[in-house]
Amino acid sequence: MREIIVQLWPFIRNYKKHVVLNIVFNLLYAAFSTLAFVSLIPMLNVLFDKTQKITKAPHWKGLADLKNYANDTLNYKLTAFLEAGNAQMALLIVVGIVISTFFLKNLFGYLSMQHVMYLKNGVLTDLRKHMYKHIIELPVSFYAKRKKGDIMARILGDINEMQNSFFIILELIIREPLTIVFSLVVMFTLSWQLSIFVLFFIPITGFLISQIGKRLKRQSLKAQQESGQLISTVEETLSGLKIIKSYNAESNFKKRFSNSADTILKLMNKIGLKNNLAGPLSEFLGIITIAVLLWYGGKLVLIEEVIQGTTFIGFMGLAYGILTPAKAISKASYKVKNGIAAADRVFEVLETEDSMPNHKNAKELSDFKSAIELKDVVFKYENENILTGFSLAVKKGQTVALVGQSGSGKSTIASLLTRFYDLEKGSIRIDGTDIKKFSKSSLRSQIGLVTQDSILFNNSIKNNLKVGNENATDKALIEALKVANAWEFVKDLPDGIETNIGDAGNSLSGGQKQRLSIARAVLKNAPIMILDEATSALDTESERLVQQALENIMKNRTSIVIAHRLSTIQNADQIIVMKAGKIVEQGQHKELLKKQGMYHKLVLMQSLD
Ligand SMILES: Nc1ncnc2c1ncn2[C@@H]1O[C@H](COP(=O)(O)OP(=O)(O)OP(=O)(O)O)[C@@H](O)[C@H]1O
Ligand SMILES: [Mg+2]
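All figures in this text were calculated on a predicted structure; none of them were measured in a lab.

As for the domain arrangement of the chain
Reasoning step 1: Domain boundaries in the chain define domain 1 (2–350) and domain 2 (371–605).
Reasoning step 2: Computed over C-alpha atoms only, the centres of domain 1 and domain 2 are separated by 59 Å.

A word on the site of ligand 1
Reasoning step 1: Near ligand 1 there are 13 residues, and of these Tyr 381, Ser 406, Lys 410, Ser 411 and Thr 412 occur at the shortest range.
Reasoning step 2: Per-element tally for the shell around ligand 1: the top contributor is helix 13 (residues 410–417), with 3 residues.
Reasoning step 3: A breakdown of the residues in the shell around ligand 1 according to their chemical character gives 3 nonpolar, 8 polar and 2 charged.

Some thoughts on helix 13
Reasoning step 1: Burial of helix 13 is extensive: 6 of the 8 residues sit out of reach of the surface.
Reasoning step 2: Here helix 13 has its buried residues at Lys 410, Thr 412, Ile 413, Ala 414, Leu 416 and Leu 417.
Reasoning step 3: The positive-phi residue at the C-terminal boundary of helix 13 is Arg 419, with phi of around 60 degrees.

Observations concerning the nonpolar core
When a protein is soluble and globular, its nonpolar side chains tend to lie buried together.
Reasoning step 1: Counting 69 residues, the largest nonpolar core has Ala 401, Ala 519 and Val 561 as the members making the most contacts within it.
Reasoning step 2: Setting aside anything within four residues of it in sequence, one finds Val 561 in contact with Thr 399, Ala 401, Leu 531, Glu 533, Leu 550, Met 554, Thr 568, Ile 569 and Ala 572.
Reasoning step 3: Judged by nonpolar contacts, the second largest core, of 42 residues, contains Ala 30, Val 116, Leu 119 and Ala 342.

Brief notes about the packing of helix 3 (residues 40–47) against helix 5 (residues 87–137)
Reasoning step 1: Viewed as axis vectors pointing N to C, helix 3 and helix 5 meet at an angle of 160 degrees, and their least axial separation amounts to 8 Å. In terms of orientation, helix 3 and helix 5 fall into the roughly antiparallel class. Crossing handedness for the pair helix 3 and helix 5: left-handed. Residues Leu 40, Pro 42, Met 43 and Val 46 of helix 3 form the contact with helix 5, whose own contacting residues are Ala 90, Leu 91, Val 94, Val 95, Ile 97 and Val 98.

A word on unusual backbone geometry
What is expected of a backbone is that most residues other than glycine have negative phi and most peptide bonds are trans.
Reasoning step 1: Positive phi, close to 50 degrees, is recorded for Glu 305, a residue that is not glycine.
Reasoning step 2: Of note, Glu 305 is situated in the loop between helix 11 (250–302) and helix 12 (309–350).
Reasoning step 3: In this structure, Arg 419 is a non-glycine residue whose phi angle is positive, near 60 degrees.
Reasoning step 4: On the secondary structure map, Arg 419 appears in the loop between helix 13 and strand 4 (425–430).

Rules used throughout
- Residues numbered from 1 in each chain as written.
- Chains lettered and ligands numbered in written order.
- Predicted model: local features only at pLDDT ≥ 70, side-chain atom pairs only at ≥ 80, totals over all residues.
- Domains from an automatic or database assignment.
- Near = placed C-beta within 6 Å.
- Helix = DSSP H or I, 4+ residues; strand = E, 2+ residues; numbered from the N terminus.
- Nonpolar A, V, L, I, M, F, W, Y, C, P; charged D, E, K, R; others polar.
- Buried ≥ 20, exposed ≤ 12 C-beta atoms within 10 Å, placed from the backbone.
- Core = buried A, V, L, I, M, F, W, Y, C linked by C-beta atoms within 7 Å.
- Contact = placed C-beta atoms within 7 Å.
- Axes fitted to C-alpha atoms, helices over the stretch in contact; angles between N-to-C directions.
- Parallel < 35°, antiparallel > 145°, perpendicular 65-115°, else oblique.
- Left-handed = near helix turned anticlockwise from the far one by under 90°.

Okay, here's the thing in structure tokens:
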């Protein structure tokens, strides 16, 4: 609990004003909700003609005597009206007091809720923004072993859960306990015998109720994990819909989803059972407490005659009034447990440190001057080395092509150059400086990346391209589209560059998507280009268009091209042939052909030359 408050504090700090006002109004609320029950006593007295007759105006004897003074003053006024036969006026006064205390109680209650609302909505919005910021800043490797759905459940579900449950803590700490304390103080002044009786019963009731919710936290944790699974399934279904349908795998996915849903159902029913039981059970136990009190109090009124019947009724009101906050506390404690579990999951992500932060005195790579060098690079994602002693030098202005078997580590090299991952051993230097010493953003600002799978967003073509350069004008955009050979199809779209391309560019063909990704890189206009050509076979026409686009973009730049179609790279300054993380051949197109080695074989297979 303490830990959560410490974690939340930086977020709460911005809303200190609301915390303070909430506390103040809760204090007032607690005071007036006690007074509200007390104010019933004089009304009952007037009704049953039990008003204490006071004919002399009372004197103020200091704060300690406040209760008697207030009581006597009221009775003095009431006596005057009653003696004069104006019972209606007396009744009006007492009813007026009842109404005003209840009014104030509710007014302060409302104001305190208002400030909790500002506080919690503010904190949760900040938390959500902070979480998103963190998620987007964490390195790619963080997500390798995680389900997207789990992260989504945390940012959507868990933060909501915190909203619905966690902030009840503010009432829990202040409003309800204070109401109980105030009520108890007044109860003791009314009758200590009865009060001791009450004090005896309420904790027993409370204890019984709190026992019910002991195991709740663990179950709600399970429910949340399972709901992450559920979201994952939906997410995967939507993104893999074509595959699911074409392989007739619907029933498999349906089963997965309904298993998850059933598990959640069972857990929710279990949790709900306890939650539902808490309310009725506590009310029933409450009324038993009251019944026992009635029996004991009735004895004090009728037989021992130590208190008046009307005071006793007021007392009963107070005692019942204690039960409501006591109930609220026990109910809130379940909710708070849920909230804590949710907060734990949120903060687990928030407190994940960036495993590859910027170097302490990170330099800025402002413009690429001479060369990129990879030296003895060893790298693994998990256990197995993917690259084993890979070395390569690319001079400024050169085009280097990487070719080789699928899985030989070509795309991995692109990921290492952009520093999505760090090396196991060896180094990557740009202009003689290890790329770890550059700030990640400055390094990436020098690189235009076209990934193997065209990654596009559900947005207009214009906004997709602007990811490459926020300030690009429409003219520059069209220029980039022309370089990427994409203009010829974009110009025929109904809304031109404003056309929305759907989820992941679903409304475009594979070649069109590739050309848009290339246009995006063109727009970025970075000195180093990394082009990871898509493997998917394109028809000859769109292959030619993509090829041309690649050639256009490589002009006057330093490029590393990962090529599957060898025709693209015949003019490359260096061709690197890779196999299982190692270089097996290296040279220019003609030299390599002469060697009659692996490259020659690859070329033959593609029946070029
Ligand atoms: N995120 C990852 N986590 C674990 N292993 C990975 C990851 N990405 C790639 N690999 C593994 O690393 C190896 C090299 O993958 P890489 O994507 O670099 O191959 P590639 O040469 O680009 O292949 P292709 O020609 O098919 O694109 C493969 O064996 C692959 O299974
Ligand atoms: Mg690849």
